[in-house]
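For reference, the chains in residue letters:
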Number of protein chains: 2
Amino acid sequence: MQTIDIHTHIMPGEMPRWADKFGYGGFIHLDHHKPCCARMMQDDKFFREVEDNCWDADARLRDCGHHHVDMQVLSTIPVLFSYWAKPKDALEVSRFLNDHISGIVQRYPDRFIGLGTVPMQDPDLACREVERCMGELGLAGIEIGSHINDWNLNDPALYPFYETCERMGAALFVHPWDMMGKDKMGKYWLPWLVGMPAETSLAICSMIFGGIFDRFPKLRVAFAHGGGSFPATIGRIEHGFNVRPDLVAVDNKVNPREYLGKFWLDSLVHDPAMLRYIVDLVGRDKVALGTDYPFPLGELEPGQLIHSMDEYDQETKAWLLGKSALTWLGKEA
Amino acid sequence: MQTIDIHTHIMPGEMPRWADKFGYGGFIHLDHHKPCCARMMQDDKFFREVEDNCWDADARLRDCGHHHVDMQVLSTIPVLFSYWAKPKDALEVSRFLNDHISGIVQRYPDRFIGLGTVPMQDPDLACREVERCMGELGLAGIEIGSHINDWNLNDPALYPFYETCERMGAALFVHPWDMMGKDKMGKYWLPWLVGMPAETSLAICSMIFGGIFDRFPKLRVAFAHGGGSFPATIGRIEHGFNVRPDLVAVDNKVNPREYLGKFWLDSLVHDPAMLRYIVDLVGRDKVALGTDYPFPLGELEPGQLIHSMDEYDQETKAWLLGKSALTWLGKEA
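What you see is a predicted model, and the numbers here were worked out from it, not measured in a lab.

1. What about the overall build of chain A?
In terms of helices and strands, chain A carries 12 helices and 11 strands. Since a compact globule built from 333 residues should have a radius of gyration of about 20 Å, the 19 Å found for chain A is in line with a globular shape. Here the C-alpha coordinates of chain A stretch approximately 55 × 45 × 45 Å along the principal axes. Looking at chain A as a whole, 64% of its 333 residues qualify as buried. Looking at chain A alone, contacts between residues at least 24 apart form 69% of all its contacts between residues at least 6 apart. Here chain A carries 33 positive and 47 negative side-chain charges, and the mean point of each set is 2 Å from the other.

Below, the structure is given as structure tokens:
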């Protein structure tokens, strides 16, 4: 049984000081203040303490060995998206991050699969970088945020990006970021505990109601954190669609429940009852192990929740641990 | 078996033109543009079309008869909260709304139970109006929003309000409003479908992590819409509490899961699997029928979901349909 973790984050251990190069701030760099640890800094502001498994492939492989993870899908830490920056600068940052991920994948092709990041604020530049990621860099797909500045994921400005991903066979991984309400949730880590699940529901609703899955039927999309609050509120969302089509069904007349089973969710729900609920909702072939490695809000023992499900037979566990990941990635076992 | 709907909204059929009286706008009035219907207007801006069951007790009783609802708990439509207004003006609006609800309760004491609204932006004024509601007006509790302008529900400024509610035995009903992210969710009714569930999770998290349930242990609190996204994300929330107590457990060291069963949720989840999930999570004695009557996003046949649960025995249905409501309200059957 193959174990593939579709939701892990990485960044380069050394990054250019983009602020110096571009002439304005807001970018992330690492302050290596002690061995095996670093501070992620946004200009002079402390963002998060990280360990070497955040940038070092060999440290990650040690953890994978310990946890019996066969392959990790690598994606950028969302705070590095740089969608807010000037497009050509965001492209340069993206290329740097993608080159790093590609290098690791090429070094350990049996252990890592890479997703790129692209400057979504400029869809033309984004499409060119998707092509580079899927061509010369040998990546398997693209990670994007739950919205792109003022665009939600239904925005027609993003159609060329979706078209390019579909044409290139890029798996799409949608991750919450820039959380709604964050300015009013200063305490208790609430942007991560309340805002992120809402962002993911925003992303799924925007793609469904915007008709993205119909317009790009071959697009393979996975959403982080078990789809956030979307699965648990599908009843409310469907009811809203039914009773106020004048507000909800303006771009797409298809009931949102029809899309269950057409996209993937990762398994990061931290709760057996909710894992059971999402598997029942979208199918075992549409839920894939995701852990948010190496961050503490993730599943600290990758796969532990899936392994703990006594009611699941080996075939179901095989889907959740690896086979769903492979079909999402468009790869063979 | 008694059927009590804890989540219904009402407003007076005629309201003063507050903008003319107070000298600034933002308040709601009804434009009775045709028989049995009216437009809710915010100044000159159309907010929502409503029918006479939104203000007329007799129209509501006809619907209750049709749907076999024995009692409705009446609360203000959240857009009328007026927390943004000058406190003394919000008090005047609150008193007008509360007098209206009290009049209906006094006219039909066996059919309606009333909740008041209070000017939460000024806790002293709010406490005085809580006392009036629970004293001379004969109401059973107070409805509040999921946050109060820049205060979340953990804010110490609100302690006197909670203390007064606890002392007066007022049931507290927390309803989402002023939805996070609304400015970035212009399409597809997303503030209602995505923002509202997040608001309710914000409210529950704020009260738990702020230690409100410990500081005011006799406070009886119910949350609308099945607790929004909170129940489905309790795994993530608990995990966040465990791994980053430095961020989450700053005011309260108790695991959030310990509070399950200490507050009430209404049953408005539009989905048998989610109703089963929340009943399993907090207990049948902590889930109470709520429909959002008379609005279309509510349960259009009050009680239908509960009645449809073949696996529930009569005793469980009795709790969900009425007994949980009575214990929340502090009333005998």
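Moving on, there is more to tell.
2. Brief notes about the confidence of the model for chain A
Per-residue confidence for chain A averages 97 on the pLDDT scale, and 100% of its residues sit at or above 70. Predicted complex, confidence summary: ipTM 0.97, pTM 0.98.

3. Focus: the relation of the copies chain A and chain B
Turning chain A through 180° and shifting it by 0.0 Å along the axis lays it on chain B, with an RMSD of 0.0 Å. In the structure described here, the two chain copies are related by an operation that fits a two-fold rotation axis. A share of 100% of the interface residues of chain A reappears at the interface of chain B, consistent with the copies meeting face to face through the same patch.

4. With respect to the sheet that holds strand S1 (residues 4-10) of chain B
Residues and elements named next belong to chain B. Taking strand neighbours across the sheet as the criterion, the eight strands line up as S1-S5-S6-S7-S8-S9-S10-S11 in an open arrangement whose pairing is parallel. Lying at the two open borders of the sheet, with one neighbouring strand each, are S1 and strand S11 (287-288). Here strand S10 (residues 264-266) pairs with S11 via two bridges, running parallel. Across the sheet, leucine 265 pairs through a bridge with valine 287, a residue of S11.

5. Thoughts on the side chain of threonine 3 of chain A
All names here are of chain A. Within the element layout of this structure, threonine 3 appears in the segment before strand S1 (4-10). Classification of threonine 3 as buried rests on a relative accessible area of 7%. Beyond its immediate stretch of four places on either side in the chain, threonine 3 contacts His68, Val69, Asp70, Met71, Leu289 and Leu321.

6. Let's talk about the nonpolar core
Among the nonpolar cores identified, the biggest contains 161 residues, and Phe161 of chain A together with Phe161 of chain B are the most heavily contacted of them. Setting aside chain neighbours within four positions, we find phenylalanine 161 of chain B in contact with Val118, Met120, Ala126, Cys127, Val130, Ile142, Ile144 and Leu172 of chain B.

7. Notes on the pairing of strand S8 (residues 171-175) of chain A
All names here are of chain A. Most of S8 sits out of view: five of its five residues are buried. What you see with S8 is no split at all: Ala171, Phe173 and His175 on one side and Leu172 and Val174 on the other are buried throughout. For strand S7 (residues 141-145) and S8, the ladder comprises five bridges, and the chain directions are parallel. The residue bridging glycine 145 from the neighbouring strand is histidine 175, located in S8. Pairing between S8 and strand S9 (residues 221-223): three bridges, direction parallel. Bridging from a neighbouring strand, phenylalanine 173 pairs with alanine 222 of S9.

8. Some words on the sheet that holds strand S3 (residues 37-42) of chain B
In any sheet, the strands associate via hydrogen bonds between backbone groups, in a parallel or an antiparallel arrangement. All names here are of chain B. If you trace the three strands from one edge of the open sheet to the other, you get S2-S3-S4, paired in antiparallel fashion. Two strands bound the open sheet, and with one partner strand each, they are strand S2 (28-34) and strand S4 (45-51). Each strand axis lies, on average, 30° off the axis of its neighbour in the sheet, ignoring direction. Inspection of the sheet shows S3 paired to S4 by six bridges, in the antiparallel sense. Paired with cysteine 37 across the bridge in S4 is glutamate 51.

9. Overview of the pattern of salt bridges
As enumerated under the stated definition, the model contains 37 salt bridges over all chains in all. Across the pair arginine 132 of chain A and glutamate 129 of chain A runs a salt bridge, and its minimum N-O distance is 2.9 Å. Remark: glutamate 129 of chain A and arginine 132 of chain A occur in helix H4 (residues 123-134); sequence separation between them is three residues, near one turn of the helix. We classify arginine 132 of chain A as buried; its relative accessible area is 9%. Its relative accessible area of 1% is what places glutamate 129 of chain A among the buried residues. Note that glutamate 315 of chain B and lysine 323 of chain B form a salt bridge whose closest N and O atoms lie 2.7 Å from each other. Connected through salt bridges with shared partners, the residues Arg95, Asp99, Glu129 and Arg132 of chain A form a single ionic network.

10. Remarks on the interface of chain A and chain B
The interface of chain A with chain B comprises 53 residues on the first partner and 53 residues on the second. Summed over the three residues of chain A that lose the most area to chain B, namely Lys184, Tyr188 and Arg236 of chain A, the buried surface amounts to 20% of that side. There are six salt bridges connecting chain A and chain B. Aspartate 271 of chain A is paired through a salt bridge with arginine 257 of chain B; the nearest N and O atoms lie 3.2 Å apart.

11. Focus: the packing of helix H6 (residues 190-209) of chain A against helix H6 (residues 190-209) of chain B
Here H6 of chain A crosses H6 of chain B at 170°, and the two axes come no closer than 10 Å. Overall, the two elements H6 of chain A and H6 of chain B adopt an arrangement that is roughly antiparallel. Note on element contacts: H6 of chain B touches H6 of chain A through Leu190, Leu193, Val194, Ala198, Ser201, Leu202, Cys205, Ser206 and Phe209 of chain B, opposite Leu190, Leu193, Val194, Ala198, Ser201, Leu202, Cys205, Ser206 and Phe209 of chain A. For the contact of H6 of chain A with H6 of chain B, the residue count by class is 14 nonpolar, four polar and no charged.

12. Quick notes on the packing of aromatic side chains
One pass over the full model with this rule turns up 44 aromatic pairs over all chains. Seen from their ring centres, tyrosine 162 of chain A and phenylalanine 216 of chain A are 5.7 Å apart, and the 45° between their planes marks the pair as tilted. In this pair, tyrosine 162 of chain A is assigned in helix H5 (residues 159-168) and phenylalanine 216 of chain A in the loop between helix H7 (212-215) and S9, connecting sequence segments 54 residues apart. Looking at tyrosine 162 of chain A, the relative accessible area reads 0%, which means it is buried. By the ring-pair criterion, three or more aromatic residues cluster together here, those being Trp18, Phe22, Tyr24, Phe27, Trp84 and Phe96 of chain A. Its guanidinium or amino end placed over the ring of tryptophan 189 of chain B, arginine 244 of chain A lies 5.6 Å from that ring's centre, counting from NZ or CZ. Positioned above the aromatic ring of tryptophan 264 of chain A is the side chain of lysine 286 of chain A, whose terminal nitrogen or guanidinium carbon lies 4.8 Å from the ring centre.

13. Points about H6 of chain B
Residues and elements named next belong to chain B. Relative to the 28 Å expected for 20 residues at 1.5 Å per residue, H6 spans 27 Å between its end C-alpha atoms, a close match to the ideal helical length. Its axis deflected by about 30° at methionine 196, H6 carries its strongest bend there, up to four residues before the proline proline 197. Counted residue by residue, H6 has 19 buried out of 20 residues, so it is predominantly covered. In the stretch just after H6, glycine 211 is the one whose phi turns positive, near 75°.

14. Quick notes on the environment of glycine 290 of chain B
All names here are of chain B. Considering the arrangement of structural elements, one finds glycine 290 in the loop between S11 and helix H11 (304-307). Taking relative accessible area as the criterion, glycine 290 reaches 0% and is therefore assigned buried. Those residues in contact with glycine 290 that sit more than four places away from it in its chain are Asp5, Ile6, His7, Asp266, Ser267 and Leu268.

15. Considering the state of the cysteines
Under the counting rule described, the total for this entry stands at zero disulfides over all chains. With no disulfide of its own, cysteine 36 of chain B has cysteine 37 of chain B as its nearest cysteine by sulfur position, at a separation of 6.7 Å.

Basis of the calculations
- Residues numbered from 1 in each chain as written.
- Chains lettered and ligands numbered in written order.
- Predicted model: local features only at pLDDT ≥ 70, side-chain atom pairs only at ≥ 80, totals over all residues.
- Heavy atoms only, no water.
- Helix = DSSP H or I, 4+ residues; strand = E, 2+ residues; numbered from the N terminus.
- Rg over C-alpha atoms; globule rule 2.2 N^0.38 Å.
- Buried < 20%, exposed > 50% of the residue type's maximum accessible area, 1.4 Å probe, protein only.
- Contact = heavy atoms within 4.5 Å.
- Lys, Arg positive; Asp, Glu negative; His and termini not counted.
- Charge placed at Lys NZ, Arg CZ, Asp CG, Glu CD.
- pLDDT = per-residue confidence, 0-100.
- Least-squares fit on C-alpha atoms with pLDDT ≥ 70 in both.
- Pairing = 2+ DSSP bridges.
- Core = buried A, V, L, I, M, F, W, Y, C linked by side-chain atoms within 4.5 Å.
- Axes fitted to C-alpha atoms, helices over the stretch in contact; angles between N-to-C directions.
- Salt bridge = Lys/Arg side-chain N within 4 Å of Asp/Glu carboxyl O.
- Buried area = accessible area lost by both parts, 1.4 Å probe.
- Parallel < 35°, antiparallel > 145°, perpendicular 65-115°, else oblique.
- Nonpolar A, V, L, I, M, F, W, Y, C, P; charged D, E, K, R; others polar.
- Phe/Tyr/Trp six-rings, centres within 6.5 Å; stacked < 30°, edge-to-face > 60°.
- Lys NZ or Arg CZ within 6 Å of the ring centre and 35° of its normal.
- Expected span 1.5 Å × (residues − 1).
- Bend = angle between axes of the 7 residues up to and from the residue.
- Disulfide = S-S within 2.5 Å.

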